[in-house]
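Observations on the three-dimensional arrangement
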Amino acid sequence: MLFCIFLHAYIGEALANAFDAAFGTDSEYGPIDPKDSPKPLDGPWRHGSLKGFAALRGDPKQTKKLYPACGLTSDSQADCLARAVPVAALFSGTRRDPAAAAAGSQDQPGSSSSMGSRALSDAVAAVTRVTQNTDVAVAFAQAFGALLGEVVARGSAPLQALAAAEKALLALDTRGENGEDGDSEDAADARESARQALATARTLASQEQGSGSGGAGNDQKGPSEPFLRTVLSYAAVPSLSEVTPKPIA
Amino acid sequence: MPHAFVLPVALFALQDAQGVGSGSGAAGAASSSSSSLSYEEGVRAAIRGGGCCASRAIAAGACLAALHGGEAGSEGDNAHGVPTAWVGRVRDGQQLLDVAVKLACLR
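These lines cover the structure that appears in this document, whether it is placed above or below. (Residues numbered from 1 in each chain as written. Chains lettered and ligands numbered in written order. Predicted model: local features only at pLDDT ≥ 70, side-chain atom pairs only at ≥ 80, totals over all residues.)

1. Side note on the overall build of chain A
Helix and strand counts for chain A stand at nine helices and zero strands. Along chain A, helices and strands appear, N-terminal first, in the series α-α-α-α-α-α-α-α-α. Split into buried and exposed, the 249 residues of chain A put 45% on the buried side. Sequence-distant contacts in chain A: of pairs separated by 6 or more residues, those separated by 24 or more amount to 65%. (Helix = DSSP H or I, 4+ residues; strand = E, 2+ residues; numbered from the N terminus. Buried ≥ 20, exposed ≤ 12 C-beta atoms within 10 Å, placed from the backbone. Contact = placed C-beta atoms within 7 Å.)

What follows is the structure, given as structure tokens:
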């Protein structure tokens, strides 16, 4: 267990150094641009979490923040979704988990085998915390990583992949029951929010298909206006019973 | 966050219809129906939503590329994939695609 903690810290710091080299204040991106600087910037652009990270690592007046303290503790923006993409590609390189292969079992679409899901989730969490050290960012990145992993590794259909990603998130909550360290309540709450968001997306898509608008089964290209309006009206994750169109103010 | 998350994921889920999805993955281009959203259409729809559109478009693009196959699309080829012209306009775009393939082959 202790070894795993050190390994994650080592890998996390190595990642932070790579981010430093690519996006830090000594990189081609240069010093952090002031908030009121004229737009568009004359040169490369960093998004919010990268700017915060670069500021934490590159401030000469402060001790360099090591992983995971280099990640912003107030940043839950969607930038974390991009972090999950290469990790999902890496962990989906094999179509089956080694343990499942050794046991002779088959990974089926939507099966969400626990070992592969857990390894992927751990890696996504480590990568996310380099710049966004919040439970919400980690949970949503894990949800997205699980979703992508399902499609790439098992060829799951979209709705099937969403359901499998929900299961993968729920499976992460059992850690404490097996004698392993359980997550904090905040982390569990964040995962539940992410799971509800997946369920909401699944419900909205099903409703859209059921209504005959948009979707792949219709000649109309792309989603319908009401669908987009509904999706965009979300300021918070509602319960499934609240998935109803809301007008945009 | 949920606002930014639900749109690309729901857009992706909309593709769940006959001929798209199951058993497709990276080889899914051949089974994508003509009326399903292409990579380009999905990314454009995610951007048009406004707000935190950069990360949302990345998420929509990743899902659709995983579904349809990530190969650069062109007429007569994988029309649902990543448009060749877009790859050409990204600095080191081809190199990034090559890295992605190498990454997936590491394990």
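Continuing now.
2. Some thoughts on the overall build of chain B
Within chain B one finds five helices and two strands. From first element to last, N terminus to C terminus, chain B shows the α and β order α-α-α-β-β-α-α. Counting contacts in chain B only where the partners sit at least 6 residues apart, residues at least 24 apart contribute 49% of the total.

3. Considerations on the nonpolar core
Within the largest apolar cluster, 85 residues are counted, with the highest numbers of intra-cluster contacts made by A:F140, A:A143, A:L148 and B:A10. Of the residues forming this core, the biggest block, 14 residues, is contributed by helix 6 (residues 135-154) of chain A. Those residues within four positions of A:A143 in sequence are excluded, and the remaining contacts are A:A165, A:L169, A:A194, A:R195, A:A197 and A:L198. (Core = buried A, V, L, I, M, F, W, Y, C linked by C-beta atoms within 7 Å.)

4. Let's talk about the environment of A:A143
All names here are of chain A. Residue placement: A143 occurs in helix 6. Since 30 C-beta atoms lie within 10 Å of it, A143 is described here as buried. Distance from A143 to A171, taken between C-alpha atoms, is 12 Å for residues 28 residues apart in sequence.

5. Thoughts on the packing of helix 2 (residues 39-48) of chain B against helix 3 (residues 53-68) of chain B
Residues and elements named next belong to chain B. It is at 8 Å that the axes of helix 2 and helix 3 come closest, and there the two elements cross at 160°. Judged on the interaxial angle alone, helix 3 and helix 2 are roughly antiparallel. Handedness of the helix 2/helix 3 crossing: right-handed. The residues of helix 3 that touch helix 2, namely those facing Y39, G42, V43, A46 and I47, are C53, R56, A57, A60, G61, L64, A65 and H68. Here the contact of helix 2 with helix 3 is built from residues that sort into nine nonpolar, three polar and one charged. (Axes fitted to C-alpha atoms, helices over the stretch in contact; angles between N-to-C directions. Parallel < 35°, antiparallel > 145°, perpendicular 65-115°, else oblique. Left-handed = near helix turned anticlockwise from the far one by under 90°. Nonpolar A, V, L, I, M, F, W, Y, C, P; charged D, E, K, R; others polar.)

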